[in-house]
Structures are given as structure tokens and as C-alpha cells.
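# Descriptive analysis of the structure
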Amino acid sequence: MPVLASHRKPRTKVRTTTPAVGFTTAALASVTLLSTQSATAAPVEPKPAIEDVQKKVDELYRQAGSATQQYNRAKAASTVQRAKVDTLLSDVAKRTEKINEARRELGAFAAEQYRTGGIAPTATFFLADDPQAYFDQSRLMSRSTERQQKAVDDFRTQQAAASKKRAEAVQSLESLTETQTTLRSSKQQVQNKLTEARSLLAKLTAEEKARLAELERKKEAEAKEKAEKLARRQAAEAKEREKREEAEKKAREEAAKESGGDSGSGSGSGTGTGTSPGSGTGTGTGTGTDGSYAAKAEKVLAFARAQIGKPYVWGASGPASYDCSGLTQAAWREAGVTLPRTTWDQVKVGTRVATSDLQPGDLVFFYDDISHVGIYKGDGMMIHAPKPGANVREESIYYMPIYGSVRPA
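Just so it is clear, the structure is predicted and the values come from calculations on it, not from any experiment. Here, residues in each chain are numbered from 1, in the same order as that chain's written sequence. A pLDDT threshold of at least 70 governs which residues receive local features in this predicted model, and a stricter bar of 80 or more applies before side-chain atom pairs are shown or counted, although totals over entire chains, interfaces and linings include all residues. Each side-chain value is worked out from all heavy atoms of the structure, with water and hydrogens disregarded.

Take the sheet that holds strand S4 (residues 381-384) next. A strand pair is defined by DSSP finding two or more bridges across the two strands. Helix and strand assignments follow DSSP, with helices taken as H or I runs no shorter than four residues and strands as E runs no shorter than two, numbered in order from the N terminus. Here 6 strands make up an open sheet; going across it, the order is S1-S6-S2-S3-S4-S5 and the pairing antiparallel. Edge positions in the sheet fall to strand S1 (351-353) and strand S5 (393-396), since each of these pairs with one other strand and no more. If you compare each strand with its neighbour and ignore which way they point, the axes differ by 40° on average. Summarising the sheet, S1 and strand S6 (residues 402-407) pair through 3 bridges and their orientation is antiparallel. Opposite Val 353, over in S6, you have Ser 405 as the bridge partner. Here a residue-residue contact requires only that any non-hydrogen atoms of the pair lie within 4.5 Å. Axes, fitted as lines to C-alpha atoms, cover a helix only where it is in contact. Angles between the N-to-C directions of the axes lie from 0 to 180 degrees. On the sheet, helix H7 (residues 324-333) packs against strand S2 (363-366), strand S3 (372-378) and S4 and is oriented at approximately 45° with respect to S3.

Chain-level statistics for the protein give a pLDDT mean of 79 and a share of 71% at 70 or above. A score from 0 to 100, pLDDT tells how confident the predictor is in each residue. Across residues 16-21, confidence stays below pLDDT 50; counting only partners more than four residues off in sequence or on other chains, it has 0 contacts. Per-residue pLDDT stays below 50 along residues 264-289; that stretch engages in 8 contacts with residues further than four places along the chain or on separate chains.

Glancing now at unusual backbone geometry. In the segment running from Gly 318 into Pro 319, the intervening peptide bond is cis, with an omega of -5°. Its identity is not glycine, yet Tyr 367 carries a phi of approximately 70°, on the positive side. Tracing the backbone through its elements, the reader meets Tyr 367 in the loop between S2 and S3. Positive phi, normally seen in glycine, also occurs at Asp 379, with a value near 60°.

What follows deals with the pairing of S4. Here the term buried applies to any residue with accessible area under 20% of the maximum for its type, exposed to any over 50%, and partly exposed to those in between, with areas from a 1.4 Å probe on protein chains only. On S4, burial covers both faces: Met 381 and Ile 383 on one face and Met 382 and His 384 on the other are all buried. Bridge count for S4 against S5 is 4 bridges, and the pairing is antiparallel. From the neighbouring strand, Ile 383 faces S5, where its bridge partner is Glu 394.

Consecutive side chains of a regular strand alternate in pointing toward one face of the sheet and then the other. Of the two faces of S2, the one lined by Leu 363 and Phe 365 and the one lined by Val 364 and Phe 366 are each fully buried. Of the pairings in the sheet, the one linking S2 to S3 comprises 4 bridges and is antiparallel in character. Bridging from a neighbouring strand, Phe 366 pairs with His 372 of S3. Where S2 folds back on S3, the antiparallel hairpin that results is connected by 5 residues, among which Tyr 367 adopts a positive phi of roughly 70°. Direction of pairing for S2 relative to S6: antiparallel, over a ladder of 4 bridges. Counterpart to Phe 365 in the pairing with S6 is Gly 404.

Here the focus is the side chain of Thr 68. Positionally, Thr 68 belongs in helix H2 (residues 50-116). If sequence neighbours within four positions are ignored, Thr 68 has contacts with Val 190, Tyr 312, Trp 314, Gly 315 and Asp 323.

Next up on the list: H7. Among the 10 residues that make up H7, 9 are buried, leaving the element largely enclosed by the rest of the structure. When H7 is considered as a whole, its buried residues turn out to be Cys 324, Ser 325, Gly 326, Leu 327, Thr 328, Gln 329, Ala 330, Ala 331 and Trp 332.

Structure, rendered in C-alpha cells:
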């Protein structure tokens, strides 16, 4: 029997592409994910220019200086208020003791009256041995009543006075608490500003720090150039002033000679006594006043020079370190002049002077908020405690924007 042929179709091998499709899908998903992440990522802020960093740091130091003055004012007020509170509390204690004494005296009167009891005047009259004895006893009781009344009055007076002083002490304690709160707040502000400034400087590369130092040198050179211009102008004005004063002196001498010649010897003697010494005395008074200030200024500058190289520390007033107003206060104290603690109060002392009229010893204030001060030494230069991280030094008054100047004495 013949073998039957198979009617099944041969299988055709089909090549699958599933792995390729899977790889392509994964690749597309990865690209999409990366694109999404790139689109949603925060943009990188450009690094600030070194000039902007310098301005920011200078501003932070200025703000720290202003907060330092607030701290100094609060600290000075706290010291005064603490002394006042201590005095008031001591006074309250003394008055309380007086109240206790008055209370003990009243207690003695009350105990005596309790022991003896109260006797009516009529009964006293009938119980007396004779009318004279009655009147003597009556006067004695009257004096006793007066002493009791005085004791009561003293008690009430002491009680009222103690109550008043106690209220004053409570009020002063409240003020002291507020001042101490301001003190802590100002201290925190100073520390925050200085921390921010240090953080900015710490982020700089070595190259950026070198660039910043170069900017500082340029700023100092420009300020020094302005100081030299001021010095030349002041020297020229002083020379012109000397010429003018010399001419005025010669004119007075010529006038005195002419007046003496016309009046004769007798009149000449009278004129010499009245006119020449009178004029001389007037000039001498002015010179004496300038000389007195110059002598004080010399002491101030001698002290300030001796502090050069000591570190700036905010809130410090010597002797190892200073802030700006602490240095000016200590320096003028050497000349016998007491200045307030802060720049805001020091600027109100003495006489205001123009920058062109500055003399050694004058105080020069800076910034619109009057947060810095230095001691003018002449030739457009000053001695000051500049900022944290720096030492007391000489510097041009044009290094910072000038607010104004005063002559303290």
C-alpha cells in the first residue's frame, strides 16, 4: 500500500523583533526622563562679580557698625539704669525699716492703752486727789496723745514715701529689662552681619581674593590722593592767612605810630596804653584759645597713635581693643574731655566744622547713618578703628563717605 503523502504545510520560521522594540522604548524613555529632569532642574545662579562682592561686604560691615552703635547705646543705658535701680532698692529698704520702727512705736502705744484702758475726763476729775492733780494729769495725757498722733503721722508719711520709691524701682526695673532686650537684639544683629560677611569672603577663590585686595589698594590710593589735595589746599590757605595777619599787624603798627606822632609825647603815652595793648590782648585771646585746643588735640593724637596696631573689636573701649567710638571716647578722655559712648551722640558735642576747616583732633563722621568716626590728624588723614578683622590705623578721611565733622572742645 502506497504511503500517503502528508498534507501539512511546512512551518515558516518567523523572525521576531521584540527585543529591539523593547530596547528602543527604553532608550526613548531614558531620553524623555533626562529631558524632563533638565527642564525642571533649578537654574544655576551666576557667580557675582568681585566688585559686587566688595560692595556687599562693605555694606555688611557698615550695617554691623550701625548695630554696634545701637549695642553701645543700650549697654551705656543699661549701666545707668542698673545703678538707678540699685539706688532705689536701697532707698526702699531704708524706708521699709523706718516703717517698721514707726509700726513698733504704734504697737507700744496700743499695748499701753490696752493695759491702762481709756478713762473718761469726768471720771478722771472725780478720782483725782485735788483739782490741781486733775489738771496736771490732763496735760500729761494730752502730751501722750500728741506723741501718739505724731507716731501715726510718721508712719503714714514713711509708708507713702516707701510706696512711691517702690513704684519707681518697679518702673526702672521694667526699663532695664527692655534695654537688656535691645542689648541682646543688637548683639545678635552684629553677629549675623559679620557672619554673612565672613561667609562671602570664605567662598572666594585665591584668584578672587587677590583681585579683591587689588580693588582695596586702588580704593585706598584714590582716597589718599584726595587727602593730599586737601592737605595742599589747607597749607595754601594757612600761608595766605599768615600773610593776611602779618599785613594787618603792620597796618596796626603804622596806625599806632601815626597816632603817637600827631598826639605828642603825652598823648602818645595815653594812646599806647589804650590802643596798642588793647589790640594785642584781643589777638592774644584768640591765639590762646586756639593754643588751648591744640594742646588738647596733641594729647588726643598722642594717645590715638599709641593704640595703632590694636585690633578692632565691636563694643570695645580699650585698653586692649577698640571699636570706632570707643577709641575716640578714650582718646579725648586723655585731654580731660568726656564724650558720649556712641557716634550718634558724639556728633552732637562741640562745634560743627567744614571738611576744609578741619584741625588735628577734630572728629570726622561717616555714612548717612553716622555709624563710623575717626580722629583727624592733619593732611587729610585720620586715626581710627576701621572694622572687624582690621587694626587701629592711619587712613585717608576720604576712604568712606563723609557725613560731617565736629570740634569737641
